[in-house]
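Structural overview
The primary structure of each chain is shown beneath.
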Amino acid sequence: MLAPPDPDPAARRSSWRRWALVAGVVAIALIAGIELARYGYRAADEARAAAALLAVELPDPSGRVQRIDQWRGKVLVVNFWATWCVPCREEMPGFIKAQAASGGRGLQFVGIAVDKPEPVQRFASELGLNYPTLIGGLPAMVLSRELGNRLVALPFTIVLDRGGRVVATHLGPVKPADLHAIVDPLLQP
Amino acid sequence: MLLAGAWTVAAPPARGAGLPAAEPKLLAPEEAFRFSARALDAHTLEVRFDIADGYYLYRDKLGFEADAALGTPALPEALRKHDAFFGEVLTYRGRLVVRVPVPSGVAGQSLALKAASQGCADAGVCYPPSLQQVKVALPAAGAGAGPLVEPERKKGWFN
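Residues numbered from 1 in each chain as written. Chains lettered and ligands numbered in written order. Predicted model: local features only at pLDDT ≥ 70, side-chain atom pairs only at ≥ 80, totals over all residues.

A few words now on the overall build of chain A. Each helix and strand in chain A was counted, giving 5 helices and 7 strands. Going from the N terminus to the C terminus, chain A shows its helices and strands as α-β-β-β-α-β-α-β-α-β-β-α. Here the C-alpha radius of gyration of chain A, 26 Å, is well above what a compact globule of 189 residues would show, namely 16 Å. The buried share of chain A, taken over its 189 residues, is 36%. (Helix = DSSP H or I, 4+ residues; strand = E, 2+ residues; numbered from the N terminus. Rg over C-alpha atoms; globule rule 2.2 N^0.38 Å. Buried ≥ 20, exposed ≤ 12 C-beta atoms within 10 Å, placed from the backbone.)

Turning our attention to the overall build of chain B. Scanning chain B for helices and strands turns up 1 helix and 12 strands. Order of helices (α) and strands (β) in chain B, N terminus to C terminus: β-α-β-β-β-β-β-β-β-β-β-β-β. Per-residue burial for chain B yields a buried fraction of 27% across its 159 residues. Across chain B, every contact between residues at least 6 apart in sequence was considered, and the portion connecting residues at least 24 apart equals 64%. (Contact = placed C-beta atoms within 7 Å.)

Here we come to the sheet that holds strand β8 (residues 95-101) of chain B. All names here are of chain B. Strand order in the open sheet formed by 3 strands is β2-β3-β8, with antiparallel pairing between adjacent strands. In the strand order of this sheet, the two ends are held by β2 (33-41) and β8, each with one partner. Averaged over all adjacent pairs, the angle separating strand axes in this sheet is 20°, with direction ignored. (Pairing = 2+ DSSP bridges. Axes fitted to C-alpha atoms, helices over the stretch in contact; angles between N-to-C directions.)

The next point concerns helix α2 (residues 86-102) of chain A. All names here are of chain A. Over its 17 residues, α2 extends 25 Å from the first C-alpha to the last, a length consistent with the 24 Å expected when each residue adds 1.5 Å. Bending of α2 peaks at approximately 30° at the position of Met-92, with proline Pro-93 no more than four residues after it. Those residues of α2 lying buried are Pro-87, Cys-88, Glu-91, Met-92, Phe-95 and Ala-98. (Expected span 1.5 Å × (residues − 1). Bend = angle between axes of the 7 residues up to and from the residue.)

Residue and element names in this part refer to chain B. For Arg-59, the location among the structural elements is in the loop between β4 (55-58) and β5 (63-66). Judged by the 17 C-beta atoms lying within 10 Å of it, Arg-59 falls in the partly exposed class. With 59 residues separating them along the chain, Arg-59 and Gln-118 place their C-alpha atoms 8.6 Å apart.

Before going further, it helps to spend a moment on the sheet that holds strand β9 (residues 110-117) of chain B. All names here are of chain B. Strand order in the open sheet formed by 3 strands is β5-β9-β12, and the pairing between neighbours is antiparallel. In the strand order of this sheet, the two ends are held by β5 and β12 (130-137), each with one partner. Looking at each pair of strands side by side, their axes are set apart by 25° on average, direction ignored.

Within the fold, Cys-120 of chain B resides in strand β10 (residues 119-121). The exposure class assigned to Cys-120 of chain B is buried, which follows from the 23 C-beta atoms found within 10 Å. For Cys-120 of chain B and Ala-32 of chain B, which are 88 residues apart along the polypeptide, the C-alpha to C-alpha distance reads 9.0 Å. Excluding residues within four positions of it along the chain, Cys-120 of chain B makes contact with Cys-85 and Val-86 of chain A together with Tyr-56, Val-125, Cys-126 and Tyr-127 of chain B.

Residue and element names in this part refer to chain B. In the predicted model, chain B carries a mean pLDDT of 84, and 82% of its residues have values of at least 70. Averaged over each element, pLDDT in chain B is lowest for strand β1 (residues 7-9) (72) and highest for β4 (97). Below pLDDT 50 for its whole length, residues 12-23 participates in 18 contacts with residues either more than four positions away or in separate chains. Predicted complex, confidence summary: ipTM 0.74, pTM 0.77. (pLDDT = per-residue confidence, 0-100.)

What follows deals with helix α5 (residues 176-187) of chain A. Residue and element names in this part refer to chain A. Compared with the 16 Å implied by 1.5 Å per residue over 12 residues, the 15 Å span of α5 between its first and last C-alpha is a close match. Residues of α5 that are buried include every one of Leu-179, Ile-182, Val-183 and Leu-186, and no others. On an axial view of α5, the arc spanned by its buried residues comes to 85°, and they lie on one face. (Arc of directions from axis to C-beta.)

A few words now on unusual backbone geometry. Residues and elements named next belong to chain A. A cis amide bond links Leu-154 to the next residue, Pro-155, at an omega of -10°. Secondary-structure assignment places Pro-155 in the loop between α4 (138-144) and β6 (156-160). We note that Val-152 has phi near 50°; this positive angle belongs to a residue other than glycine. Examined against the element boundaries, Val-152 turns out to sit in the loop between α4 and β6. The buried category is assigned to Val-152, around which 20 C-beta atoms lie within 10 Å.

Shown next as C-alpha cells:
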C-alpha cells in the first residue's frame with residue numbers, strides 16, 4: 001500500500017495562511033456588518049429624534065406657541081440654555097453675532113430655555129437677543145438625549161441642515177470658529 | 001475650555017467635518033452631586049450632598065420635602081459669587097450638610113424625603129433641576145443616629 005504522500009510543509013503552511021485569511025475576512029465582514037447595522041440604527045434614531053425635535057411646540061416668552069419646524073428650510077441651530085446656566089449665557093453673544101452676520105443667508109438660531117418666562121424675557125432684552133427663544137424645554141431636553149446629550153446637560157447645541165437632518169451636536173459652550181466651520185458649508189447655495 | 005471642540009458629528013458625517021470627538025469626561029448629575037440622608041435623632045434629618053471637585057450646587061435651588069411637613073432647613077454658609085445677571089449668587093462646593101427638622105409625630109416611622117437640587121460643572125455645563133428621593137427610618141424618641149441612606153441607582157444594561 002502506498003501511504004498518501006506526506007503533504008509538503010510549505011503547502012501546509014500556505015493552506016493555513018489561506019484559512020487564516022478567510023477567517024480574517026469573515027471576521028472583518030462580521031464586524032463591519034455589526035458596525036454598519038449600529039450606524040444604521042444610530043442614523044435611524046437620530047432621524048427620528050430630529051423629526052421629533054422639529055415637531056416640538058413650545059411657548060415663546062409672550063406665551064404664543066411656536067413650532068420649531070416653522071424654520072425648516074433654514075440652517076437651524078437649536079440651542080438649549082437657561083439663565084441660571086452661566087456657560088450658556090456666555091456663549092450667546094457669539095450666537096447673536098452669527099445670527100446678525102448670516103441670518104440673511106438662511107442661518108436661524110432658536111433657543112430652547114429650560115427656564116421660566118420672566119428671567120428669559122429679562123435676559124433676552126438685556127442682551128439684545130436677535131433670534132427667537134422658546135420656554136419650558138425640559139421634555140424637549142429629554143429628547144436631546146437621543147441626539148447625543150447623554151447627560152441631558154446644558155448648553156447643548158444641535159445643527160440641522162436645510163433638510164432638517166442633524167449635522168452636528170455639541171455639549172458645552174460653542175467656540176464661534178467651530179460653529180462657523182460646521183455652519184458655513186451648509187449655508188452655501 | 002475643557003469642552004471646546006468636542007463636537008459630535010452626526011451619522012452620516014457632514015461634508016468636511018471630522019470624526020466624532022471623544023465625549024468630554026463629565027459626571028452624571030447623581031455622581032457629581034451624591035445625595036444621602038440619615039436621621040440624626042427622632043426629630044432631625046441630616047441631608048448630605050457630596051459634591052465632586054469642579055462641580056457646584058446653587059443654594060437657592062435646594063429644596064426638601066417629605067410626606068410629613070418639614071421644618072426650615074438649616075443651610076450652612078454658602079460661597080458668594082458675583083453674577084452679571086442675577087447679582088450675588090450663593091453656591092456650595094465640597095460636602096454640603098443640611099439639618100432638617102422633622103415634626104415630632106413621625107418618630108419611629110419611615111419618611112420619604114425628596115431633595116431638589118441643581119448645579120453646574122466648572123468645565124462649562126449645567127444640569128437641569130434634579131429631584132432625588134430616599135426613605136429614612138426615624139428612630140424612636142431618645143434613640144441615636146441612623147445609617148446614611150443613598151437613593152437607589154437605576155442601572156440599565158448599557159450604563
